[in-house]
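Examining the three-dimensional arrangement
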Amino acid sequence: MPRLRIDLAYDGTAFSGWAAQPGQRTVEGELAAALTTILRVSEPVRLVVAGRTDAGVHARGQVAHADIPDGPYAALPGRSDRSPERAAVDRLNAVLPPDVVVHRVAVAADGFDARFSATARRYAYRVCDDQATLDPLRRHDTVVAADRLDAAAMDAAARTLLGLNDFAAFCKRREGASTIRTLLAYSWERDADQTLVATVEADAFCHSMVRALVGAVVPVGLGRVDVSFPAQVLRAGIRDPRVKVMPAHGLSLEEVRYPPDAELGARAEQARARRGEVAQQPPGA
């Protein structure tokens, strides 16, 4: 069974997140149904994704994989001279709703795992602090702030969080899940239209982490707390009521990075081993 790598984008506005849920419209549900339809297989196609985005969160650079039967995949071009990869892209986009677009389909290199082979995920978060400059065409991916924000102060505060840390103060805890992450980049700047845009990149993120990291620096931008406030919250290791989890619609998964093909399998094994070690730790370890 070949493993397919699927690169896709979606507008998360009308979705209840990535993960399939009974009675809910999800990105995974739509993509799995589309794959099952074009391949004409009896069993629903199962997907593994690089980042399980929450309800309302968007993606420009999402990656998923699926193990599928060889025969139906090879038959996708039909009588055309297209490759199975090109035919898969064309057929998927023909049956998917307009808020999901598949950019690329390819047989994955040996050892590839969309989730565990990834070395980094990069997100963007958009905040408009002057409603007169808001582009109405971007209202679904931009949060509006009521007051002006100090971009330089927010950028300085964000950089105090970089590196390998326990981000428990910025995560919704899950049983057996580690909150130790390496924050590779966190910065703020004004875009050409004066919208504030955060770039947040890490080896991986725990639940609600990016939106909490944004919520930690917004009070700095408003002048309500000192630039050192986010680092103080980090060191305390517990949720702070002054750190609000920001609205989902301002967040977009922009890119997932992977190592060279020869290193994909080793990276996946290392990531699985780390997750397993954490799950086996006793409570409080």
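Our subject is the structure that appears above.
Below, the structure is looked at part by part. The residue numbers shown here count from 1 along each chain, following its written sequence. Given that this is a predicted model, residues contribute local features only at a pLDDT of at least 70 and side-chain atom pairs are listed and counted only at 80 or more, while totals for whole chains, interfaces and linings are drawn from all residues. By convention in this description, side-chain values take in all heavy atoms of the structure and omit both hydrogens and water.

This part takes up the side chain of R5. Going along the chain from the N terminus, every DSSP run of H or I of four or more residues is numbered as a helix, and every run of E of two or more is numbered as a strand. Tracing the backbone shows R5 in strand β1 (residues 3–10). In terms of polar contacts, R5 uses its side chain to reach the side chain of D7, at 2.9 Å. In this description, contact between two residues means that some pair of their heavy atoms is separated by no more than 4.5 Å. Residues within four places of R5 in sequence aside, it is in contact with V63, A64, R104, V105, A106, A108, F112 and Y258. Pairs of N or O atoms within 3.5 Å make up the polar contacts considered here, provided that, within protein, one atom can donate a hydrogen while the other can accept it, and that residues adjacent in sequence are counted only when both atoms are side-chain atoms.

All right, on to the state of the cysteines then. Throughout, disulfides are identified as pairs of cysteine sulfur atoms within 2.5 Å of each other. Under the criterion given, the structure shown has one disulfide. Note that C171 is cross-linked by a disulfide to C206, the S-S spacing being 1.8 Å. Taken together, the residues span a long stretch of sequence, with C171 in the loop between β7 (163–166) and β8 (180–190) and C206 in the loop between β9 (196–202) and α5 (209–221) at a distance of 35 residues. The pair formed by C171 and C206 is uniform in burial state, with each residue classed as buried. Remark: exposure states derive from per-residue accessible area (1.4 Å probe, protein chains only) relative to the maximum for the residue type, with buried under 20%, exposed over 50%, and partly exposed in between.

We now examine the pattern of salt bridges. For this document, the term salt bridge refers to a Lys or Arg side-chain nitrogen within 4 Å of an Asp or Glu carboxyl oxygen. As enumerated under the stated definition, the model contains 22 salt bridges in all. A salt bridge links D141 to R126; its shortest N-O distance comes to 3.8 Å. Residue D141 is found in the loop between β5 (120–128) and β6 (143–144), and its partner R126 is found in strand β5; the two are separated by 15 residues along the sequence. Pair check on accessibility: D141 and R126 agree, each one buried.

Right, let's get into unusual backbone geometry. A positive phi is found at R40, a non-glycine position, where the angle reads about 55°. Mapping R40 onto the fold places it in the loop between α1 (27–39) and β2 (48–49). The exposure class assigned to R40 is exposed, which follows from its relative accessible area of 75%. If you check the backbone angles, Q194 has positive phi at about 75° while not being a glycine.

In this structure, R267 sits in helix α7 (residues 264–280). Asp and Glu are treated as the negative residues and Lys and Arg as the positive ones, with His and the ends of the chain left uncounted. This buried residue, R267, is left without a salt bridge; D203 holds the nearest opposite charge, at 5.4 Å. If sequence neighbours within four positions are ignored, R267 has contacts with F116, S117, A118, T119, P259 and R274.

Relative to the elements of secondary structure, A64 occurs in strand β3 (residues 58–67). Setting aside anything within four residues of it in sequence, one finds A64 in contact with L4, R5, I6, L8, W18, L47, V48, V49 and A114.

This paragraph deals with the environment of G23. On the secondary structure map, G23 appears in the loop between β1 and α1. The spacing of G23 and I6 is 17 residues in sequence and 25 Å in space, taken between C-alpha atoms.

In this scheme, a helix's expected span is set at 1.5 Å multiplied by one less than its residue total. Over its 13 residues, α1 runs 18 Å from end to end, which matches the ideal 18 Å to within 8%, given 1.5 Å per residue. Residues of α1 that are buried include every one of V27, E28, L31, A32, A34, L35, T36, I38 and L39, and no others. For α1, the secondary structure elements touched by its buried residues are β1, β3, α2 (70–74), α3 (84–95) and β4 (100–107). Measuring from the backbone nitrogen of G29 back to the side-chain oxygen at the start of α1 gives 3.0 Å, which picks out T26 as the cap. In the stretch just after α1, R40 is the one whose phi turns positive, near 55°.

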